[in-house]
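Reading the structure
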Amino acid sequence: MNSLDDIWQRVLDKLGESLPSTALTTWFSDCRPIELGDRHFVLQTSTDFKRNIIRQRFEPTIRQTLSDLFACDMELVLLVGDEVADYKERHATDDALPEALAYTFDRFIVGQSNKLAHGAAVAVANNPGKAYNPLFIYGNSGLGKTHLLLAIGQAIRERDPGVKIVYVKGDDFINENVKAIRENTTEEFRQKYRHADLFLVDDIQFLAGLERTQVEFFHTYETLHQAGHQIVLTSDRPPMEHASMDDRLITRFESGLIVDIQPPDIETRMAIIRAKAQGRGLLLSDEVVAYIAEKITENIRQIEGVVNKLTALSQIDGPITTATVDRAIENVVRDGVYIPKPDVIITETGRYYDIDPAEIRGQRRSKTTSMARHVAMYLIRTLTGLSLEDIGREFDGRNHSTVITSIRKIEDLIKTDPAMAATIRDITSNINFQNDR
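Here we summarise the structure given alongside this text. (Residues numbered from 1 in each chain as written. Predicted model: local features only at pLDDT ≥ 70, side-chain atom pairs only at ≥ 80, totals over all residues. Heavy atoms only, no water.)

**Thoughts on the packing of helix H9 (residues 211–226) against helix H10 (residues 247–254)**
How we decide: Here an angle of 0 to 180 degrees is reported between the N-to-C directions of two axes, which are lines fitted to C-alpha atoms, with helices fitted over the stretch in contact. Put simply, DSSP H or I for four residues or longer makes a helix, DSSP E for two residues or longer makes a strand, and each gets a number counted from the N terminus. By convention the crossing between two helices is left-handed if the near helix lies anticlockwise of the far one by an angle smaller than a right angle, and right-handed if it lies clockwise. The contact criterion used is simple: two residues touch if any of their non-hydrogen atoms lie within 4.5 Å. Under the convention adopted here, Pro, Cys and the residues Ala, Val, Leu, Ile, Met, Phe, Trp and Tyr are nonpolar, Asp, Glu, Lys and Arg are charged, and Gly plus all remaining residues are polar.
In contact at an axis separation of 10 Å, H9 and H10 are set at 35° when each is read in the N-to-C sense. Between H9 and H10 lies a crossing of left-handed hand. Note on element contacts: H10 touches H9 through Arg 248, Leu 249, Arg 252 and Phe 253, opposite Gln 214, Val 215, Phe 217, Phe 218, Tyr 221 and Glu 222. Along the lines of polarity and charge, the residues of the contact of H9 with H10 split into six nonpolar, one polar and three charged.

The following block contains the structure:
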């Protein structure tokens, strides 16, 4: 149960035990979970009429289900339409931890593959600013980096409710910085980040190649670190492999503790499967647990996806067998390689070069824009296999000869220029990371 949608689905499953499907659709098809707080759950519906019906008929069941999930009394906040924006403005804080109740140390399954990272995270939570500062956690997607990051924040918040926690994803930091520069609100931006007691940054690799943003991040880092405030960072690779990252940042990252998370071994995978199944109220035999663990070896998110699918199938087919697992895996685990959409490739290329994707697609011919366009064409060709004509259509209808010239230019640069090879690796990593988030 790692997302608002997972939590809301559990509530709907409970409601479905006593409601016909038509009633469930009538009253809840357009409901959307908005926020999970320490003691409240915010839900949006479309009309006042529906809100009143939900309050009168279903609120006790919803609250009880939430309370059972989190072992504490939970309030239900029901919003309609535009009330969501007003609610978020009134309750906005810089230190909100996303869905923090789902990410705690006691819900993290420890094994040989993550034992060191878990121990370091606990040490930081118990002694922030002194144990390891910064703490740098790296590893592939779906292995628990974000879980540990948010568990640190949750543990510190429980001990000191007044602590100022700032959590941000690397790409969001970039977007906020660009917006602050554009709207001349850099002082407000700096006030938000440079006064944190605990600074949690997820997916720091997205800063690679963005010189202005890296300078801003460096000064934020220096301000916090010199004040003895705790910094925790996650990435898909260790600092030394960030070829397009400012050397000053690499040095700072390496001054703390660097720990990695590897794919879990089979015993840990089986423990994770049992924990996820128990959280969904799903009974699995030892044979089925072992079968899932043998089939899924790299990614915890895929395990969660399979368990979620099995929960749904159990309500239709009854007891889960290995044949049921095969059906679930077909819909969750793909045999092929992830094929990103051209939009994703162009967006991530634009982010890397700090250029609007529309400019990459368009006719502008500045040196930086042209290089970004060449890179985007090369990546679309290598990552998607689209034809030259189809690639040209993504760039204002350029002809196939223009596309092949761009591709060959990047191919030649990769062979002779280590910086270009590193750029392609960084952008490719960011593209693939979007698939796993």
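The structure having been displayed, the exposition proceeds.
**Things to note about the pattern of salt bridges**
Short version of the rule: Salt bridges are counted wherever a side-chain nitrogen of Lys or Arg sits within 4 Å of a carboxyl oxygen of Asp or Glu. Accessibility here uses a 1.4 Å probe with only protein chains present; expressed as a share of the type maximum, an area under 20% marks a residue as buried, one over 50% as exposed, and anything in between as partly exposed.
Under the defined criterion, the tally for this structure stands at 19 salt bridges. For the salt bridge of Glu 75 with Arg 63, the shortest nitrogen-to-oxygen distance reads 3.1 Å. Note that Glu 75 is positioned in strand E3 (residues 75–80) and Arg 63 in helix H3 (residues 48–70), a separation of twelve residues in sequence. Relative accessible area serves as the criterion here: at 40%, Glu 75 is assigned to the partly exposed category. Arg 63 sits in the partly exposed class, given a relative accessible area of 29%. Here Arg 393 makes a salt bridge to Asp 390, at a shortest N to O gap of 2.1 Å. On the criterion of helical spacing, the pair formed by Arg 393 and Asp 390 is a turn pair, its members being three residues apart in helix H18 (residues 388–393). Relative accessible area serves as the criterion here: at 59%, Arg 393 is assigned to the exposed category. Each member of the salt-bridge network shares a partner with another, and the members are Asp 48, Arg 51 and Glu 83.

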